[in-house]
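Here's the letter readout for the chains.
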Amino acid sequence: MQAPRLVATDVDGTLLDPDDRVSPRAVAVIKRLVADGVGFVLVTGRPPRWIPPVVAELGVACLAVCSNGGVLYDAAEDRVVWSRALGPDALAHLAEVVTVALPGCGLAVERVGATGFDEPSAFVAEPEYRHAWPESDAAVVTRSEVVSRPAVKMLVRCPGLSSDAMVAALAPVVGDAADLTYSHPRGLVEISSPNVTKATGLAEVAQRDAVDAANVIAFGDMPNDLDMLRWAGHGVAMGNAHPALLEIADEVTASNRDDGLALVLERWF
């Protein structure tokens, strides 16, 4: 591949090391490519409000495709450029079929406003939802409230199952009503609007910048990165990636612990 015109990277498990930091080596090469006029975009399952700490470490202003393609967030201006949400009727239908397929699961949703921080109840969860991370900023509400307003992502939590097993159970009942994926291997599935993925979000950014897919390089480590790596002209899986990514990637680099992203980008920058 020639030098890319747009660099896209997942955040957790890819850009961030196991201590959830951006290494000095990665910061340096990203600053060099931005100085050369190359586009740089974060493409993540994270919501907009979880982006500023990453941008602060990078030291460069950038766009972020958030919520697995559901939101484009301008971190420099703290502005949601666009969002692709599931409406209340769709959420209610999904809640019904998910509960039938996975009895005892817990549901939560992510919502967005005009900025990363102006939505007072951005993450709401029913009492049965068990968080995948030790700390959570969720508001606990009834299921009827969970599905009462548009949301860019529904999260389904079954701690006793693998995420692979959950997707296998949900795919037949969800069908084409939504997009299923995951970024956490242990009992957490993320549901977006139909045909909304990291690939569709990245494609919109590339179109804004008049960059063809052939001139895009993308980095990822989990199944929610699969479509993005397939779409990009050069898809790079981290050494710590899920086996599904290792199978389809154009290249496998070192792990996020060993500066795999920087190792690739230093060929050109």
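### Section: the sheet that holds strand β7 (residues 123–125)
Point 1. The 6 strands lie next to each other as β8-β7-β6-β9-β11-β10, forming an open sheet whose pairing is mixed. What marks the edges here is a single partner per strand, and that holds for β8 (139–140) and β10 (179–184).
Point 2. As paired elements, strand β6 (residues 106–110) and β7 share 3 bridges and run antiparallel to each other. In the strand pairing of β7, Val-109 is matched with Val-124.
Point 3. Relative to the sheet, helix α4 (residues 88–101) contacts β6, β9 (153–157) and β11 (188–192), its axis offset from that of β9 by approximately 15°.
Point 4. Against the sheet, helix α6 (residues 163–174) contacts β9, β10 and β11, and its axis sits at roughly 170° relative to β10.

### Observations concerning the packing of α4 against α6
A packed helix pair is summarised by two numbers, namely the angle formed by the two axes and the spacing between the axes.
Point 1. One way to put it is that α4 packs onto α6 with a least axis distance of 9 Å and a crossing angle of 135°. One way to sum up the angle between α4 and α6 is to call them oblique. As for how α4 packs across α6, the hand of that crossing is right-handed. The residues of α6 that touch α4, namely those facing Leu-94, Val-97, Val-98 and Ala-101, are Ala-169, Leu-170, Val-173 and Val-174.

### Things to note about the pattern of salt bridges
Point 1. One pass over the full model with this rule turns up 14 salt bridges.
Point 2. The salt bridge involving Asp-74 is made with Arg-79; its shortest N-O contact spans 3.9 Å.
Point 3. Between Glu-204 and Arg-84 there is a salt bridge, and its shortest N-O distance comes to 2.9 Å. One end of the pair, Glu-204, is in helix α7 (residues 198–208); the other, Arg-84, is in the loop between β5 (79–83) and α4, and 120 residues separate them in sequence.
Point 4. The class of Glu-204 is partly exposed, set by a relative accessible area of 27%.
Point 5. Salt bridges linked by common partners bring Asp-10, Lys-198 and Asp-225 together as one network.

### A word on the sheet that holds strand β14 (residues 251–252)
Point 1. If you walk across this open sheet you meet the 8 strands as β5-β4-β3-β2-β1-β12-β13-β14, and the pairing is mixed. Each edge of the open sheet is held by one strand with a lone partner, namely β5 and β14.
Point 2. As judged from the 4 bridges shared by strand β12 (residues 216–220) and strand β13 (residues 234–237), these two strands associate in the parallel manner. Bridging from a neighbouring strand, Ala-218 pairs with Gly-235 of β13.
Point 3. Sheet contacts for α7: β1 (6–9), β2 (39–43), β3 (63–66), β4 (71–74), β5 and β12; angle to β3, the most-contacted strand, approximately 155°.

About the thresholds
- Residues numbered from 1 in each chain as written.
- Predicted model: local features only at pLDDT ≥ 70, side-chain atom pairs only at ≥ 80, totals over all residues.
- Heavy atoms only, no water.
- Pairing = 2+ DSSP bridges.
- Helix = DSSP H or I, 4+ residues; strand = E, 2+ residues; numbered from the N terminus.
- Contact = heavy atoms within 4.5 Å.
- Axes fitted to C-alpha atoms, helices over the stretch in contact; angles between N-to-C directions.
- Parallel < 35°, antiparallel > 145°, perpendicular 65-115°, else oblique.
- Left-handed = near helix turned anticlockwise from the far one by under 90°.
- Salt bridge = Lys/Arg side-chain N within 4 Å of Asp/Glu carboxyl O.
- Buried < 20%, exposed > 50% of the residue type's maximum accessible area, 1.4 Å probe, protein only.

Bear in mind that shape data such as this cannot, by itself, settle questions of function.
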